[in-house]
Structures are given as C-alpha cells and as structure tokens.
Amino acid sequence: MGSVPAHLMAVANLAPSPLLFDTFTDAEGTLLSTHTPENGDTSWVNVTTAFDTTGGLCGPTISGWGFSLFDIATLPTNYRITGTLIYNNTDEDLVILWRSSDNTTRHIFGLNGANNRWFIIGTNAGVDTVDGTFAETLTTGEYLVRIDISGDTIDCYVGDTLYISLASTLDDLQLGIGFGAYNGVAVAASRCDNIRVIPI
C-alpha cells in the first residue's frame, strides 16, 4: 500500500477529535451503565430504564419511555451530534437527545412512528413543547440523523436533508447527550448506533 499524500494527511489532521464516539460494541447484553465507549470522558447513565448492547447496537430492555445520557464534561458553543436510528417497529418513537441533565429537562429530535413524522421537542421542568415537525411516511430501516447546535440555532437533518430548524435557549448549559425510545422491548426494540459528538 502506498503512502498517504501529504495534502490528504494534512486534511485528516485538521478533523476535530470527537467528544464522544460509541459503536456499542460489547459483550451481548452488557448494560449500558457498565459499558465503556470508544471515546469519551465518562460513562453512560440510564435515566429512566435500562439500556443494553445487543449485536453491536444499543436499545431498551423494557417497554415504555426510556432515556440514557452521556454527560460530557465540557461542550463548546457549537457542536454536532450524529447517530444511526434503527427503526424496527412502526409504532415506536426513537430519538437523540441533548441539553439534558435528567428526565425533566432536554431537547429531543427523532422519529414519531405512530404519527408518521419527525419531531423536535423541548422539555422544561417536565413540560413538553413540540417545537417543530416534519411529516414523512416512516418505514422500518436505518436513518442517519445529524443535529447541528450553533449557539441558539438548532438544525436537524435526516441524511443530508434539513428537516427542522429553530432557535432555542432552553437550558443551554446542560451537558447531557443521549438517546431515548418508546414502546421498545428487549428482543425487537428499535435501536441506536454510532453516536458521535464533535465540535464544529
């Protein structure tokens, strides 16, 4: 194999190091609370229900809403979250969340299966506010999502398409990033993979 050209190496060296990177590769059934990501400064915390790793993916172990958080010690003003949502059951919700410290404060973006839409919700002191929606007939499969947070501006993408954009100052000092699922069951639940957080 030949050497990497200097100009390509220079570009690679400019790529920001991830603040969090996790492919959830671990022994089958490892609880997320004992799982160590490939890159990051702390461990996952299950907020409302247990998540585990199954087949290199992450998902809930029981039905109902469940959230899991990764508390990053320091976040820049501008950062990007990417992740893969593996949608297995058409009545489920599956979301990425950020600006969260517990189950009462957070932003979420993801798919809302029962209503065939993508949505972004801000939760403050336990009160949910739907800040934006994008209607789409959802089918089972994998969806790559990207959330760009630039100060108060939040842009939510599916693939390379911008679905929802808004301005929000909701608890922008909270550092928790994670994901959630609703109506998941241990065997056939919708799951998440390849979560990454980088500065932009």
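All of these numbers come straight from a predicted model, not from anything done at the bench.

Undergrad: Tell me about the confidence of the model for the protein chain, and please be specific about residues and values.
TA: One rule of thumb: low pLDDT means the predicted coordinates there are not for detailed reading. Averaged over all residues, the pLDDT of the protein chain is 80; the fraction at 70 or higher stands at 79%. When mean pLDDT is compared element by element in the protein chain, strand β12 (residues 153-158) scores highest at 95, while helix α1 (residues 6-14) scores lowest at 52.

Undergrad: Run through the environment of Y143, naming residues and quoting values.
TA: Within the secondary structure layout, Y143 lies in strand β11 (residues 141-150). With a relative accessible area of 14%, Y143 lands in the buried category. Expressed as a C-alpha distance, the spacing of Y143 and Y87, which sit 56 residues apart in the sequence, is 7.7 Å. Dropping the residues within four chain positions of it, Y143 is found in contact with G83, T84, L85, Y87, L111, W118, L138 and V158.

Undergrad: An account of the pairing of strand β13 (residues 161-167) is needed here, citing residue identities and associated values.
TA: Sheet topology places β12 next to β13; six bridges connect them, and they run antiparallel. Across the sheet, Y157 pairs through a bridge with L162, a residue of β13. Turn length for the β12-β13 hairpin, with the two strands adjacent in sequence and antiparallel, is two residues, and the turn residue G159 shows positive phi of about 65°.

Undergrad: Give me the side chain of T23: which residues, what numbers.
TA: Mapped onto the secondary structure, T23 falls in the loop between β1 (20-22) and β2 (44-46). A distance of 3.1 Å separates polar atoms of two side chains, one belonging to T23 and the other to T25. A distance of 2.3 Å separates polar atoms of two side chains, one belonging to T23 and the other to E38. Those residues in contact with T23 that sit more than four places away from it in its chain are E38, G56, D193 and N194.

Undergrad: An account of the pattern of salt bridges is requested, with residue identities and associated values reported.
TA: All told, the structure shown has two salt bridges when counted by the stated rule. We note a salt bridge from D148 to R80, for which the minimum N-O separation is 2.6 Å. Placement of the pair is D148 in strand β11 and R80 in strand β6 (residues 78-87), with a sequence separation of 68 residues. Between D148 and R146 there is a salt bridge, with its nearest N and O atoms 3.3 Å apart. Here R146 falls in the buried class, since its relative accessible area comes to 18%. Salt bridges sharing partners connect three or more residues here, namely R80, R146 and D148.

Undergrad: Which residues make up the environment of N88, and what values do they have?
TA: Mapped onto the elements, N88 comes out in the loop between β6 and β7 (93-102). The exposure class of N88 is partly exposed, given its relative accessible area of 36%. Considered as a pair, N88 and T139 are 51 residues apart in the sequence and their alpha carbons are 8.5 Å apart.

The rules behind each value
Residues numbered from 1 in each chain as written. Predicted model: local features only at pLDDT ≥ 70, side-chain atom pairs only at ≥ 80, totals over all residues. Heavy atoms only, no water. pLDDT = per-residue confidence, 0-100. Helix = DSSP H or I, 4+ residues; strand = E, 2+ residues; numbered from the N terminus. Buried < 20%, exposed > 50% of the residue type's maximum accessible area, 1.4 Å probe, protein only. Contact = heavy atoms within 4.5 Å. Pairing = 2+ DSSP bridges. Polar contact = N/O pair within 3.5 Å; in protein donor to acceptor, adjacent residues only side chain to side chain. Salt bridge = Lys/Arg side-chain N within 4 Å of Asp/Glu carboxyl O.

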